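Structural characterization, general
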Amino acid sequence: LLDIIKNNKLDYFIIDSTSHQKHFVQKLFKGIRTRGYPTVILPYDYSKASKLAMFNQLEDDFYTHSTRLLEKDLKWETEKLYEEMMYFEKLNKNNELSYCAPNKTGYTDDHMNSIALLNRTYNYLVESMMARKNFDDGANMWAPRLVHWDDYENSLKTPKDEEDYVLNLITGFTKVRRVQD
């Protein structure tokens, strides 16, 4: 998984952190930090309410054309996604909405869940940042932030200037470059 993150230069990795899944989040967090990758892990609590929000957003984004799908003949996964979309259901039972595959043998909603979760990633990141939410996997705590893998790689190539931190009484600590005499 860590090689996939590196090879694809993933800025963000959203992962199911519901209940016992936090163990996987901890392992992924440790691996990313050990290798020094800039990737931000976004633990997502997969509940009935969050699934509904995730699919509502996907539906809205399809209608507003802010989300578009891949070419149909690209790969078998894309074919499977289109197949799932053909039978995917939005149900309203007792004034309660739900999204799911038909409850019959051979029907799944795995690809639909994946695309909805992918679509949710950026908005979830921004909402978490605005709410000053910290992520927690039971062993680590971190704040969400905007990153870009290319900036990380460029920083590895650029020599570091010496920096000092100066206390600014209004804004707090500020990073400044040390001027050579």
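Let me sum up the structure you'll find in this document.

Calculation criteria
- Residues numbered from 1 in each chain as written.
- Predicted model: local features only at pLDDT ≥ 70, side-chain atom pairs only at ≥ 80, totals over all residues.
- Heavy atoms only, no water.
- Pairing = 2+ DSSP bridges.
- Helix = DSSP H or I, 4+ residues; strand = E, 2+ residues; numbered from the N terminus.
- Salt bridge = Lys/Arg side-chain N within 4 Å of Asp/Glu carboxyl O.
- Buried < 20%, exposed > 50% of the residue type's maximum accessible area, 1.4 Å probe, protein only.
- Contact = heavy atoms within 4.5 Å.
- Phe/Tyr/Trp six-rings, centres within 6.5 Å; stacked < 30°, edge-to-face > 60°.

1. Looking at the pairing of strand 1 (residues 12-16)
Across 5 bridges, the pairing between strand 1 and strand 2 (residues 40-44) is parallel. Of the residues in strand 2, the one forming a bridge with tyrosine 12 is valine 40.

2. Focus on the pattern of salt bridges
Overall, the coordinates contain 8 salt bridges when judged by the stated rule. Close ionic contact of aspartate 109 with lysine 51 constitutes a salt bridge, the shortest N to O distance being 3.6 Å. One end of the pair, aspartate 109, is in the loop between strand 4 (96-100) and helix 5 (110-130); the other, lysine 51, is in helix 3 (residues 48-63), with 58 residues separating them in the sequence. Each member of the pair, aspartate 109 as well as lysine 51, is classed as buried. Glutamate 59 serves as the salt-bridge partner of lysine 90, at 3.0 Å between the closest nitrogen and oxygen. You can see lysine 90 sitting in strand 3 (residues 89-93) and its partner glutamate 59 sitting in helix 3, a full 31 residues away along the chain.

3. Re the environment of methionine 112
Mapped onto the fold, methionine 112 is located in helix 5. Exposure remark for methionine 112: the relative accessible area of 5% places this residue in the buried category. Linking methionine 112 and glutamate 84, residues 28 residues apart in sequence, is a C-alpha distance of 6.7 Å. Aside from chain neighbours lying at most four places away, what touches methionine 112 is Phe55, Leu58, Leu81, Glu84, Met85 and Phe88.

4. Examining the packing of aromatic side chains
Scanning the model with the defined rule gives 11 aromatic pairs in all. Each ring, one from tyrosine 44 and one from tyrosine 124, has its centre 5.0 Å from the other, and the planes form 85 degrees; the classification is edge-to-face. Remark: tyrosine 124 occurs in helix 5 and tyrosine 44 occurs in strand 2; sequence separation between them is 80 residues. The residues tyrosine 44 and tyrosine 124 share a single accessibility class, namely buried. Centre to centre, the rings of tyrosine 124 and phenylalanine 135 are 5.9 Å apart; their planes meet at 40 degrees, and the pair counts as tilted. Of this pair, tyrosine 124 sits in helix 5 while phenylalanine 135 sits in strand 5 (residues 135-136), placing them 11 residues apart in sequence.

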